[in-house]
Amino acid sequence: MEIGPGQFLLAKLDDVARWAQSSSVWPLTMGLACCAIEMMTATAPEYDIARLGSEVFRASPRQADLMIVSGRVAQKMGPIVKRLYDQMADPKWVISMGACASSGGIFDNYAIIQGIDTIIPVDVYVPGCPPTPDGLLHAVNLIQQQIRAGGRGGILARA
Amino acid sequence: MPPMAGSAIDPPSLRPPIDDAIIERIAPAQLRARLQALKNEGYAMLLDIGAVDYPQRTPRFDVVYHLLKLPPQVATPSEIGTPQRYRLLCGVPVENPMLPTVTDLWLSADWAEREVYDLFGIAFEGHPDLRRIQMPTHWEGHPLRKDYPLRGPARERSPRPAFANKSNLVAGTPPTGRTAQALQEQVARARRAQREGAEDHEAQ
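Quantities reported herein were computed from a predicted structural model and do not represent experimental measurements.

(A) View of the overall build of chain B. Summing up its helical and strand segments, chain B has 4 helices and 6 strands in all. Taken from N to C terminus, the helices and strands of chain B fall in the order β-α-β-β-β-β-α-β-α-α. Within chain B, the fraction of its 204 residues that count as buried is 14%. Looking at chain B alone, contacts between residues at least 24 apart form 52% of all its contacts between residues at least 6 apart.

(B) Summary view of the overall build of chain A. Broken down by element type, chain A carries 5 helices and 4 strands. Along chain A, from the amino end to the carboxyl end, the secondary structure elements read α-β-α-β-α-β-α-β-α. Taken against the 2.2 N^0.38 rule, which gives 15 Å for 159 residues, the C-alpha radius of gyration of chain A at 17 Å falls within 12% of a compact globule. Taken along its principal axes, the extent of the C-alpha atoms in chain A is 60 × 35 × 25 Å. Residue burial in chain A is summarised as follows: out of 159 residues, 35% are buried. The long-range share in chain A, meaning contacts at least 24 apart out of those at least 6 apart in sequence, stands at 79%.

(C) Just the sheet that holds strand S1 (residues 22-26) of chain B, in detail. Residue and element names in this part refer to chain B. Ordered by their spatial adjacency, 4 strands build an open sheet running S1-S4-S3-S2, and the pairing between neighbours is mixed. Both edges of this open sheet fall to S1 and strand S2 (45-53), since each of them pairs with a single strand only. Direction aside, neighbouring strands of the sheet carry axes that sit 20 degrees apart on average. Sheet topology places strand S3 (residues 61-69) next to strand S4 (residues 84-92); 9 bridges connect them, and they run antiparallel. Pairing of Val-64 across the sheet is with Leu-89, part of S4. Here helix H1 (residues 31-41) sits on the sheet in contact with S1, S3 and S4, set at roughly 175 degrees to S4. Packing against the sheet, helix H2 (residues 109-120) makes contact with S2 and S3, and its axis sits at approximately 10 degrees to S2.

(D) Expanded view of the interface of chain B and chain A. Counting from both sides, the interface comprises 5 residues of chain B and, opposite them, 5 residues of chain A. Counted by class, the side of chain B that touches chain A contains 3 nonpolar, 1 polar and 1 charged residues.

(E) Highlighting the pairing of strand S3 (residues 93-97) of chain A. Residues and elements named next belong to chain A. With respect to burial, S3 is a largely interior element, 5 of its 5 residues being buried. Going residue by residue along S3, you find Trp-93, Ile-95 and Met-97 tucked away on one face and Val-94 and Ser-96 tucked away on the opposite face as well. In this fold, the crossover linking strand S2 (residues 66-70) to S3 by way of helix H3 (residues 78-87) has right-handed handedness. As paired strands, S3 and strand S4 (residues 124-126) are joined by 3 bridges and run parallel to one another. Directly across from Met-97, in S4, lies its bridge partner Val-126. Running through helix H4 (residues 98-103), the crossover from S3 to the neighbouring parallel element S4 is right-handed.

(F) Looking closely at the sheet that holds S3 of chain A. Residues and elements named next belong to chain A. Here 4 strands make up an open sheet; going across it, the order is S1-S2-S3-S4 and the pairing parallel. Each of the sheet's edge strands pairs with one partner strand only, and the pair in question is strand S1 (27-28) and S4. Of the pairings in the sheet, the one linking S2 to S3 comprises 5 bridges and is parallel in character. Bridging from a neighbouring strand, Ile-68 pairs with Ile-95 of S3. Against the sheet, helix H2 (residues 34-43) makes contact with S2 and S3, and its axis sits at roughly 130 degrees relative to S2, the strand it touches most.

(G) Layout of the environment of Tyr-148 of chain B. All names here are of chain B. Looking at the element boundaries, Tyr-148 is found in the loop between strand S6 (123-125) and helix H3 (168-171). Distance from Tyr-148 to Arg-160, taken between C-alpha atoms, is 17 Å for residues 12 residues apart in sequence. Among residues more than four places away in sequence, those in contact with Tyr-148 are Gly-141, His-142 and Pro-143.

(H) Seen up close, helix H4 (residues 178-203) of chain B. The end-to-end C-alpha distance of H4 of chain B, which contains 26 residues, comes to 37 Å, matching closely the 38 Å that a straight helix rising 1.5 Å per residue would cover. Of all 26 residues making up H4 of chain B, only 0 are buried, and the element is barely covered by its neighbours.

(I) Region of the structure containing the environment of Ile-112 of chain A. Residues and elements named next belong to chain A. Looking at where Ile-112 falls in the secondary structure, it is placed in the loop between H4 and S4. Residue classification places Ile-112 among the buried residues on the basis of 20 C-beta atoms within 10 Å. Between the C-alpha atoms of Ile-112 and Pro-130, which are 18 residues apart in sequence, the distance is 17 Å. Every residue in contact with Ile-112, bar those within four places of it in the chain, is listed here: Arg-72, Val-73, Ala-74, Cys-100, Gly-104 and Phe-107.

(J) Quick peek at the nonpolar core. Residues and elements named next belong to chain A. Leu-66, Met-67, Val-69, Ile-95, Met-97 and Ile-143 are the most contacted members of the largest nonpolar core, which has 34 residues in total. Mapped onto this core, the elements with two or more residues apiece are H2, S2, S3, H4, S4 and helix H5 (133-149). Ranked by the residues each element gives to this core, the list is headed by H5, at 5 residues.

Conventions adopted
- Residues numbered from 1 in each chain as written.
- Chains lettered and ligands numbered in written order.
- Predicted model: local features only at pLDDT ≥ 70, side-chain atom pairs only at ≥ 80, totals over all residues.
- Helix = DSSP H or I, 4+ residues; strand = E, 2+ residues; numbered from the N terminus.
- Buried ≥ 20, exposed ≤ 12 C-beta atoms within 10 Å, placed from the backbone.
- Contact = placed C-beta atoms within 7 Å.
- Rg over C-alpha atoms; globule rule 2.2 N^0.38 Å.
- Pairing = 2+ DSSP bridges.
- Axes fitted to C-alpha atoms, helices over the stretch in contact; angles between N-to-C directions.
- Nonpolar A, V, L, I, M, F, W, Y, C, P; charged D, E, K, R; others polar.
- Right-handed = clockwise from strand over helix to strand, strands pointing away.
- Expected span 1.5 Å × (residues − 1).
- Core = buried A, V, L, I, M, F, W, Y, C linked by C-beta atoms within 7 Å.

Have a look at this one:
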């Protein structure tokens, strides 16, 4: 298979783009409940999520790549989380942090959404109640691997 | 007439006094007048309005008003008095779940009454904005009533995960595991010792 010069250049650009995306994943602040405390701990010096590229947590979904849903999502909060996810620009990824975001956790009742994957697509689930900051860092690492492994081709495609 | 101090389904042993509140029970007809009188007496704070559902009792609901009288302001810290709490219980029947509002007496009643309406279905006549506050706006049902399914009406009959049924307490079987066994042995030893102690007393 012969690779023309134009295709070679685009392939290299792909790699560079994915490397850039994976090295600067900026999360959106979606700290909803107790898992948010562990997410804050992951930003603190001992665990330091910034060394993985998440230098800042953006409050605006337009400026964020990664939504870390940390905490239980109430029925009332569900449409809001969905709206913020829709407002994020492609490419975007979602980490479902903790038991409540992944499956409703210990709250098997009328008030809590039984897992945010019922409303938004999730890339990595982190088990725990709450997960240790190590767990969250591992999840961000997995997101980075997913980005670098590539997706359906093209520098503008979702990894 | 709702029970004053306790009954078979609401025994005082399950409801021991945890503070030195003055507890009073009243009928809905005298509620507003009594609250107005208490406010004039100096109970300037309405801490919360709660409700309890006793399904086997008439009237079914108990609406509880928690009031606080703050001590008067004084010149020196050594003269500071203690606040006085007041708990007013009002029996509300399920056939007519309606009470007069007290938002004109205490503004904090606004959201407190909305919460009681949302979770129990007790309406408050004269409330400026009576709508749900914790559940989504068009939710059906009042979740804290005892006949409301815990998992919600949509998931009431859907299967639960297997680990949810493994509680020994729920199943009524004795617990397993080393710690549980050790605890059971300890309890058995204590019972034996108690029996021997009772026999000693009889022998004497």
